[in-house]
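Breakdown of the fold
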Amino acid sequence: MKLTKKLLCLIVAIAIYFSIAIPVFAVDSENQIPSDEKVQNYALHFMNKSQHNNNLEINEFLHLYDTDGSLTGYYVTFSDGLSPSGYILLSLISGEDPIVEFSFEGGGIIDTASSPQPVIESINSIANNTSSNSNILYIGPGEIYIPIQNNMYYSVYDQEYTTVSDSASTHASRNSILDGIIDWSQASVDSNTVVKIKNFGSGTDYWLIGQLKSGNVCTPVAATNILWYWGKNRNSSNVMNKFSSQTTDLEKATTIFNFLYTYMGTTNMGTRQSRILDGYKGFFGVDAGRGIWNYSELPSGTPYVTFARELLNSCPIHIILYNKSDLSATGGHSAMNFGSAKSTSGAEYLFVMDGFYAYGRFVKFNYYPYVVGYKIWVA
């Protein structure tokens, strides 16, 4: 799938956003929760100024809750006429800098254009205030759930049906944001910290889950896109020479994926982190460090500055985002990390492409409690 030209402007637009004076996110004096009007004004101002487009309008404005019914965030989508124009996820449980995710294009992570019919019906009924179901749940990074019926939910990030325990709680305290830490008008991006790997986003082919194989395959898909970047965008013969009878881009990408899927030992439950490098080794047929390919591991706890330094060398990072402490399980979400930026207030951000959306998402670095990465280099 072709990436749109808006990805080219992602870094510039973000820099513009942080340098603009932004209205302070006022707080209700009684319950310390911002009014809907203030949230909407803030979100729309952010999108209009960032994209230099005053024609943008709010398409959907949804409240997000914990299992106990407490407000935990807001999900806002935008449109320019009939064209979807991105989304913002505002978190009330993430501490400072509560814009934890956003994009300037597409229908957003809760997409009524491509979701299963029961999900679309649930979202529409909630948006129209006619829902008899429970609330949309947002209980932490990577955990947004659409109610279907009884205790059945649809996981937005896993794109599958699941159950959610009534005892599930948020992964962070609301106190910091509800105490009034919601003034980010002084933040701006330090232009010296903006990093993006070269030759990425200029019409680059990027492959999605579903084009290659459905199911829990985010890990081999992320690895496929990293190797596709090295082969297609960086002209690596060590990648492109793997193809003989394959002629179309889809056939070539599928060949890469099949190698990785097999050697990573991916199952319908997903892929274990311990098998990720096996996939790269299996594809190239040699160990790392033999002049064909190599990697650097960025274990959990690696500081942001290390990620930024590795990206500065124009090496993509196979990143795994965990919202739980068990890093040996298959519960992490793999993505391709292609850029980074840091604000003058100290907030740190990573730019990622995952297998669900054909556009980059901007994710706060410390939003996920555990982040693991492998910088992948190919000769």
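To start, this report covers the structure provided alongside it. Bear in mind the structure is a predicted one, so any value in this text is a computation, not a measurement.

Concerning the packing of aromatic side chains
- Considering all chains together, one arrives at 24 aromatic pairs under this definition.
- Plain terms: the ring middles of Phe-200 and Tyr-229 are 6.1 Å apart, the flat faces sit at 70 degrees to each other, and that makes the pair edge-to-face. Linking Phe-200 in the loop between strand E9 (195-196) and helix H5 (218-233) with Tyr-229 in helix H5, this pair joins segments that are 29 residues apart in sequence. The same class applies to Phe-200 as to Tyr-229, namely buried.
- By way of ring pairs, the aromatic residues Phe-102, Phe-200, Tyr-229, Trp-230, Phe-338, Tyr-349, Phe-351 and Phe-362 are connected into one cluster.
- Above the ring of Tyr-261, the side-chain terminus of Lys-213 is found at 5.3 Å from the ring centroid.

Some words on unusual backbone geometry
- Positive phi values are uncommon outside glycine, yet Asn-199 reaches one of about 60 degrees.
- Its place among the elements puts Asn-199 in the loop between E9 and H5.
- Positive phi outside glycine occurs at Ser-314, with the angle close to 60 degrees.
- Looking at the secondary structure, you find Ser-314 in the loop between helix H9 (304-312) and strand E11 (317-322).

Details of the pattern of salt bridges
- Under the counting rule described, the total for this entry stands at 7 salt bridges.
- The partner of Arg-275 in a salt bridge is Asp-278, and the shortest N-O contact between them spans 2.8 Å.
- For Asp-287, the salt bridge is made with Arg-290, and the minimal N-O distance between the two is 3.7 Å.
- Judged by relative accessible area, Asp-287 falls into the partly exposed class, the value being 31%.
- Here Arg-290 falls in the exposed class, since its relative accessible area comes to 60%.
- Residues joined by salt bridges that share partners form a network here, namely Glu-101, Asp-354 and Arg-361.

How each quantity is defined
Numbering of residues begins from 1 in every chain and follows the order in which that chain's sequence is written. Reporting of local features is limited, given that this is a predicted model, to residues whose pLDDT is at least 70; pairs of side-chain atoms are given and counted only at 80 or more, and all residues count toward the totals for whole chains, interfaces and linings. Working from all heavy atoms in the structure, the side-chain values ignore hydrogens and water. Note on ring pairs: Phe, Tyr and Trp rings are taken, using the six-membered ring of Trp, and paired if centres are within 6.5 Å. Classes follow the plane angle, with under 30 degrees stacked, over 60 edge-to-face and the rest tilted. Strands here are runs of E lasting at least two residues and helices are runs of H or I lasting at least four, both read from the DSSP assignment and numbered beginning at the N terminus. Summary of the burial criterion: residues with accessible area below 20% of their type's maximum are buried, those above 50% are exposed, and those between are partly exposed, where the area comes from a 1.4 Å probe applied to protein chains only. A ring has a charge above it when a Lys NZ or an Arg CZ is no more than 6 Å from the ring centre and no more than 35 degrees off the ring normal. The rule for a salt bridge is simple: a side-chain nitrogen of Lys or Arg has to be within 4 Å of a carboxyl oxygen of Asp or Glu.

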